[in-house]
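# Geometric and topological summary
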Amino acid sequence: MFGEKPGFSTPSGKLLSIALGLLLFATLCNLVSAFSIPSWKYRVRTGLITNSTRMRIELRINGWLAVICFVCGLTLWFIGNMPA
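Described below are features of the structure shown in this document. (Residues numbered from 1 in each chain as written. Predicted model: local features only at pLDDT ≥ 70, side-chain atom pairs only at ≥ 80, totals over all residues. Heavy atoms only, no water.)

On to the pattern of salt bridges, then. Counting across every chain of the model gives one salt bridge. With a closest N to O distance of 3.0 Å, Arg54 and Glu58 form a salt bridge. Linking Arg54 with Glu58, this pair stays in helix α2 (residues 53-80), spanning four residues, or about one helical turn. By relative accessible area, Arg54 is classed as exposed at 56%. (Salt bridge = Lys/Arg side-chain N within 4 Å of Asp/Glu carboxyl O. Helix = DSSP H or I, 4+ residues; strand = E, 2+ residues; numbered from the N terminus. Buried < 20%, exposed > 50% of the residue type's maximum accessible area, 1.4 Å probe, protein only.)

Scanning the entire structure with this criterion turns up zero aromatic pairs. The ring of Trp40 has Arg43 sitting right over it, with the charged end atom 5.5 Å from the ring centre. (Phe/Tyr/Trp six-rings, centres within 6.5 Å; stacked < 30°, edge-to-face > 60°. Lys NZ or Arg CZ within 6 Å of the ring centre and 35° of its normal.)

Here we come to the side chain of Ser36. Topologically, Ser36 is positioned in helix α1 (residues 11-46). Among the polar contacts made by the side chain of Ser36, one reaches the main-chain carbonyl oxygen of Ser33 at a distance of 3.1 Å. (Polar contact = N/O pair within 3.5 Å; in protein donor to acceptor, adjacent residues only side chain to side chain.)

Over its 28 residues, α2 runs 40 Å from end to end, which matches the ideal 40 Å to within 8%, given 1.5 Å per residue. Among all positions in α2, only Met55, Asn62, Ala66, Cys69, Gly73 and Gly80 are buried. (Expected span 1.5 Å × (residues − 1).)

Moving on to the packing of α1 against α2. Following both chains from N to C, one finds α1 and α2 inclined at 160°, their axes separated by 8 Å at the closest point. What the angle tells us is that α1 and α2 run roughly antiparallel. With respect to the hand of their crossing, α1 and α2 are arranged in left-handed fashion. Residue classes in the contact of α1 with α2 are distributed as 23 nonpolar, seven polar and two charged. (Axes fitted to C-alpha atoms, helices over the stretch in contact; angles between N-to-C directions. Parallel < 35°, antiparallel > 145°, perpendicular 65-115°, else oblique. Left-handed = near helix turned anticlockwise from the far one by under 90°. Nonpolar A, V, L, I, M, F, W, Y, C, P; charged D, E, K, R; others polar.)

A separate point is the state of the cysteines. Per the counting criterion, the structure on display carries zero disulfides. The thiol of Cys29 is not disulfide-bonded; the next cysteine sulfur, from Cys69, is found 5.9 Å away. Looking at Cys29, the relative accessible area reads 6%, which means it is buried. Here Cys72 is not disulfide-linked; the sulfur of Cys69 is the nearest cysteine sulfur, at 6.6 Å. By relative accessible area, Cys72 is classed as partly exposed at 35%. (Disulfide = S-S within 2.5 Å.)

None of the figures reported here should be taken as evidence of function without further support.
Structure representation (structure tokens):
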């Protein structure tokens, strides 16, 4: 992933490191969404939550954040791997 000369001394190395961070953050956002759904379902089933607006807003924000970070990460990865 980091090409032939990995390191932070070149601009492509910096871009690839940022891309890797964004891709990992997108994965983390997706994991948070996936693991928060059962807890929300439990709270709705037990009657602790009667209005699901907050849940939908949180999942929507988390989903869009994951998509944006993933696309930005792929874009930076592509730019960083372009030959000089």
